[in-house]
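So the chains spell out like this:
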Amino acid sequence: MHIPTLADLERMARQAGQILYDGYETNHQVDFKGEIDLVTEIDHASEAYIIGEIQLHYPEHSILAEESGSLEGNDGHLWIIDPIDGTVNYAHGVPMFCVSIAYAYQGKVTLGAVYDPMRNELFTAERGKGAWLNGRPLKVAQATELKRSLLVTGFPYDLWSTKQDNMTNFEKLAKMSQGVRRLGSAALDLCYVGAGRFDGYWELSVKAWDVAAAGLVAEEAGAKVTNARGEASYLGLPQSILGANPILHEKIMAELTV
Ligand code: LIP
């Protein structure tokens with residue numbers, strides 16, 4: 001069966017990123033999936049483009065996409081798509097968002113591409129071969145002490161009501177590290193760990209499409225990426241996640257209340 005190459009994902013991510021870039025400062029049609037969980041017409045346009053490309057070139061493959069849900073096909077070949085990761089930022093004109101495309105073969109993500117069109121930064125990874133930013137190899141930061149680390153996290157869309165609001169973790173780690181940032185895009189958070197910009201990222205409730213591609217980028221750059229309990233699988237729905245170099249990973253995990 002026809003399977004994609006990393007170059008195929010790069011092309012699709014760049015083209016979808018152009019859709020995001022072209023629509024960035026237009027007036028958006030914003031719909032609400034929840035109190036603070038929104039979607040714009042550009043999310044739909046980006047996702048329609050990506051799904052169209054997959055169904056044209058890989059018609060028998062399965063797809064899991066944030067806005068369209070699951071499109072069943074041969075489950076040995078699964079595409080996991082976030083058409084805009086950082087949708088709230090995008091809707092408010094904050095230039096911190098990306099498109100995320102992952103391909104999984106027999107349940108394991110093998111190819112990933114995360115594209116930030118505002119910075120023209122394309123993060124890519126191929127399992128067992130490495131991770132790159134615009135073609136340059138990536139390597140995680142080597143900080144091993146929390147007090148010398150810059151961390152990043154995020155908060156769920158049910159923040160107003162959930163008991164798992166991550167606030168205790170945020171305060172605790174903010175007082176043990178050089179700081180904890182909240183960018184609003186899980187995919188960029190995790191890619192920035194891979195790039196050594198952040199030393200660690202955790203979040204208590206992310207979706208597979210937020211982190212499938214960026215998790216591979218971080219892993220192939222040398223990070224240990226698990227759920228927040230240290231279990232290997234982090235692609236359940238929804239799932240916690242923790243990524244950092246192996247030494248710091250253990251130190252962050254020891255402080256988290258999940
Ligand atoms: C977002 C994540 C972010 C998380 C938000 C939301 P979206 O994804 O990237 O890290 O904190 O709750 O899940 O909705 O922009 O694709």
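Look up a bit, the structure's there.
Residues numbered from 1 in each chain as written. Predicted model: local features only at pLDDT ≥ 70, side-chain atom pairs only at ≥ 80, totals over all residues. Heavy atoms only, no water.

Caption draft 1: Quick look at helix 1 (residues 6–23). End to end, helix 1 covers 26 Å across 18 residues, agreeing with the expected 26 Å (1.5 Å per residue, within 8%). Taken together, the buried positions of helix 1 are Leu 6, Asp 8, Leu 9, Met 12, Ala 13, Ala 16, Gly 17, Leu 20 and Gly 23. Down the axis of helix 1, the smallest arc covering the buried residues is 160°, so these residues share one side. (Helix = DSSP H or I, 4+ residues; strand = E, 2+ residues; numbered from the N terminus. Expected span 1.5 Å × (residues − 1). Buried < 20%, exposed > 50% of the residue type's maximum accessible area, 1.4 Å probe, protein only. Arc of directions from axis to C-beta.)

Caption draft 2: Main features of the pairing of strand 3 (residues 61–65). Counting buried positions over the 5 residues of strand 3 gives 5, a clear majority of the element. On strand 3, burial covers both faces: His 61, Ile 63 and Ala 65 on one face and Ser 62 and Leu 64 on the other are all buried. Of the pairings in the sheet, the one linking strand 3 to strand 5 (residues 74–85) comprises 5 bridges and is parallel in character. Across the sheet, residue His 61 finds its bridge partner in strand 5, namely Asn 74. Bridging between strand 3 and strand 4 (residues 69–71) involves 3 bridges; their strand directions are antiparallel. Within the sheet, the bridge partner assigned to Ile 63 lies in strand 4 and is Leu 71. With antiparallel pairing between neighbouring strands as the criterion, strand 3 and strand 4 make up a hairpin whose turn holds 3 residues. (Pairing = 2+ DSSP bridges.)

Caption draft 3: Main features of the sheet that holds strand 10 (residues 136–137). The sheet built from 8 strands is open, its strands ordered 4-3-5-6-7-8-9-10 with mixed pairing. Here the strands that pair on one side only, and so sit at the sheet edges, are strand 4 and strand 10. Across 6 bridges, strand 7 (residues 108–116) lies against strand 8 (residues 121–126) in antiparallel orientation. Looking at the pairing, Ala 113 lines up with Thr 124 of strand 8. Helix 2 (residues 41–57) rests against strand 3, strand 4, strand 5 and strand 6 (98–105) of the sheet, and its axis sits at about 155° to strand 5. (Contact = heavy atoms within 4.5 Å. Axes fitted to C-alpha atoms, helices over the stretch in contact; angles between N-to-C directions.)

Caption draft 4: Main features of helix 2. The terminal C-alpha atoms of helix 2, which comprises 17 residues, lie 25 Å apart, in line with the 24 Å expected from a rise of 1.5 Å per residue. Taken residue by residue, helix 2 has Ile 42, Asp 43, Ser 46, Glu 47, Tyr 49, Ile 50, Ile 51, Glu 53 and Ile 54 as its buried positions. Capping of helix 2 at its N-terminal end is provided by Thr 40; its side-chain oxygen lies 3.1 Å from the backbone amide nitrogen of Ile 42. (Polar contact = N/O pair within 3.5 Å; in protein donor to acceptor, adjacent residues only side chain to side chain.)

Caption draft 5: Spatial organisation of the sheet that holds strand 15 (residues 239–244). If you walk across this open sheet you meet the 5 strands as 12-11-13-15-14, and the pairing is mixed. Edge positions in the open sheet fall to strand 12 (179–181) and strand 14 (224–226), since each of these has one partner strand only. Averaged over all adjacent pairs, the angle separating strand axes in this sheet is 15°, with direction ignored. Note: strand 11 (residues 150–153) against strand 12, 3 bridges, orientation parallel. Across the sheet, the residue bridging to Leu 151 is Val 180, located in strand 12. On top of the sheet, helix 4 (residues 167–174) reaches strand 11, strand 12 and strand 13 (200–206); it is set at about 170° to strand 13, its chief contact.

Caption draft 6: Quick look at the site of the ligand. Gly 86, Phe 155, Tyr 157, Ala 186 and Glu 203 are the nearest of the 15 residues found near the ligand. Separating an oxygen atom of the ligand from a side-chain N or O atom of Glu 66 is a distance of 3.1 Å. Within the backbone of Gly 86, a nitrogen or oxygen atom sits 2.7 Å from an oxygen atom of the ligand. For the ligand, whose accessible area on its own is 380 Å², the fraction buried by protein is 96%. Class assignment for the residues of the shell around the ligand results in 4 nonpolar, 5 polar and 6 charged. Two domains each put at least three residues into the shell around the ligand: domain 1 (6–137) and domain 2 (146–255). (Near = heavy atom within 4 Å. Areas by Shrake-Rupley, 256 points an atom, 1.4 Å probe, with all protein chains shown as cover. Nonpolar A, V, L, I, M, F, W, Y, C, P; charged D, E, K, R; others polar. Domains from an automatic or database assignment.)

Remember, this is a structural readout, not a statement about activity or role.
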